[in-house]
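# Working through the structure, step by step
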Amino acid sequence: MGTQAINLINANALRAWSGAIGEPHWLLERRIQALKLAGTLELPKVEKTKLEKWDIHETGDYKAEKPWSSLEEAPEVVRGLAASPVKGGLIVQANSDVVYTELAESLAARGVILMDLHTAAKEHEELVQRYLYQAVKPEEHRLSAAHSALWSGGVFLYVPDGVEVEAPIQAIFLNDTSGVRFAPHVLIVAGSNSKVTYVDHCLSSGDDVKALHNGVVEVFAGAGSKVQVASVHQLAAATTDFTERRAVVLADGAVEWIIGEMNKGNTASDTQTLLQGNGSVSDTKVIAIGTGLQKSCYTTQAQHFGRSSASQMITRAVMLEEATAIINGITKIEKVATHCDGQQTERVLMLSPKARGDANPILLIDEDDVTAGHAASVGQVNAEQIYYLMSRGISRSEAEYLVIFGFLAPVISEIPLEAVRGRLQALVESKLGRY
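Calculation rules
- Residues numbered from 1 in each chain as written.
- Predicted model: local features only at pLDDT ≥ 70, side-chain atom pairs only at ≥ 80, totals over all residues.
- Heavy atoms only, no water.
- Pairing = 2+ DSSP bridges.
- Helix = DSSP H or I, 4+ residues; strand = E, 2+ residues; numbered from the N terminus.
- Axes fitted to C-alpha atoms, helices over the stretch in contact; angles between N-to-C directions.
- Contact = heavy atoms within 4.5 Å.
- Salt bridge = Lys/Arg side-chain N within 4 Å of Asp/Glu carboxyl O.
- Domains from an automatic or database assignment.
- Buried area = accessible area lost by both parts, 1.4 Å probe.
- Polar contact = N/O pair within 3.5 Å; in protein donor to acceptor, adjacent residues only side chain to side chain.

All right, on to the sheet that holds strand 7 (residues 195-204) then. Each strand in a sheet pairs with its neighbour through backbone hydrogen bonds, running either in the same direction (parallel) or in the opposite one (antiparallel). With mixed pairing, 10 strands are arranged side by side in an open sheet as 2-1-5-7-9-11-13-15-17-19. Two strands in the sheet have a free side with no partner beyond their single neighbour: strand 2 (97-103) and strand 19 (371-380). Sheet twist, expressed as the average angle between the axes of neighbouring strands with direction ignored, equals 5 degrees. Two strands pair when backbone bridges link them, and strand 5 (residues 169-175) and strand 7 are joined in this way by 7 bridges, in the parallel orientation. Paired with N175 across the bridge in strand 7 is S204. Running over the sheet, helix 9 (residues 396-412) touches strand 13 (281-290), strand 15 (310-319) and strand 17 (341-350) and is turned about 160 degrees from strand 15.

What follows is the structure, given as structure tokens:
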């Protein structure tokens, strides 16, 4: 799929860059292998989407950034997102580099690690080697290989066995310069019976910033662990977003995904959970709003290997103007994964005759003794609801907002993180032109 090659640096330039930032030899070798793969693999197959026509062929140039000594040096958009004071942890990446990291002393004393992935590869070599590229592998397709070769900055979060982190760990990825490399890699490792919440915001500083965001999130949830991952993307119309998120969950572990897709540009995201252990649990909530000529494809997946594992996936998308969305939900239950339960719901609401939505629920079941179900709907705003509200003296724009928010509210209201819930509500209002 796709014939145009992705423009990549050559192996010698990659070696020079990796050496300049002091990466260990093993990581450079993995990058070189991935670079070779990127020249041979096909683009990922995205449902009903001609990915080769998107702006995905320029990876951008690495741009070194000066570290911040404090958050006072941060632009206002970052200070507005960063919790103050930082009770858990905070890491900020500007374009290609991490520029600020803070971790509560009490957490560091208990063995929690939060740092950029470059530094972690040197200081915690054994841990990073064990998990890096194990959930999202370079050989999957051309973009995963390009990411594995060229990622920069990134996050390494490690929570030891039995440690419960009550305050959220937060990351902010800011792109404020066109044409730079913007490919963070997030690696989260939660030990057995641990607990952690990770929240990130990925955003552009302005509507004219043009870049390719080729990001990866890998989560490894140990036995009995509880991991929440919340991610809100609000990238510019000129920026293309390709994001893969994947979690591996061991016995009695649980991963909860909370995804807000608020980009203005073309977006393809794939959020997948591999339920490896018996009794493992996955809960995925996605809300999305498309505007203008935006094209998007949102895929959620749950693959059951462990017995008595359970997955729930809910996606609700609103398409305005001439935006289009493909919503895929895939539940796969493997042989011998008995007593599993896999449920999914995809709903798309279109607010314009030119908007388009497509919901595709898929159940792939290789075991008899399971329960599974799906629901999907695509439709226009209910004209009777709008008429009723307008007959009560409410303007059309206000009536449409109330209907849209009522459509999204069942998902937003279930988000357990108050800060993320409030942030998503504000972004919904912004995309609908409320302020």
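With that settled, consider the environment of P160. With respect to the secondary-structure elements, P160 resides in the loop between strand 4 (155-159) and strand 5. For P160 and S192, which are 32 residues apart along the polypeptide, the C-alpha to C-alpha distance reads 7.5 Å. Those residues in contact with P160 that lie beyond four places of it in its chain are R110, G111, V112, G191 and S194.

Once that is clear, we can look at the pattern of salt bridges. Under the definition given, this model contains 12 salt bridges. Put simply, R31 and E23 hold a salt bridge, and the shortest N to O gap is 2.8 Å. Here the salt bridges do not stand alone but share partners, grouping E140, E244 and R246 into one network.

Residues other than glycine seldom take positive phi values, yet N193 does so here, at roughly 55 degrees. Residue position: N193 is located in the loop between strand 6 (185-190) and strand 7. Backbone geometry at E321 places phi at a positive 55 degrees, although glycine is not the residue there. The residue E321 is located in the loop between strand 15 and strand 16 (324-333) in this model.

The next subject is the domain arrangement of the protein. One can read the domain layout of the protein as domain 1 (11-277) and domain 2 (382-434). For domain 1 and domain 2, the distance between their C-alpha centroids amounts to 31 Å. Listed by partner, the interface residues are 14 residues for domain 1 and 9 residues for domain 2. Buried surface at the junction of domain 1 and domain 2, summed over both partners, amounts to about 980 Å²; 78% is from carbon and sulfur atoms. Looking only at domain 1, the three residues that lose the most surface to domain 2 are V232, I258 and M262, adding up to 46% of its buried area. Where domain 1 packs against domain 2, one counts 0 salt bridges. In this structure, the connection of domain 1 to domain 2 is made through 2 residue pairs in polar contact (both at pLDDT 80 or more). Looking at the side of domain 1 that touches domain 2, the elements that each hand over two or more residues are strand 7, strand 9 (226-234) and strand 11 (254-261). Per-element accounting of the side of domain 1 that touches domain 2 gives the leading share, 4 residues, to strand 9.

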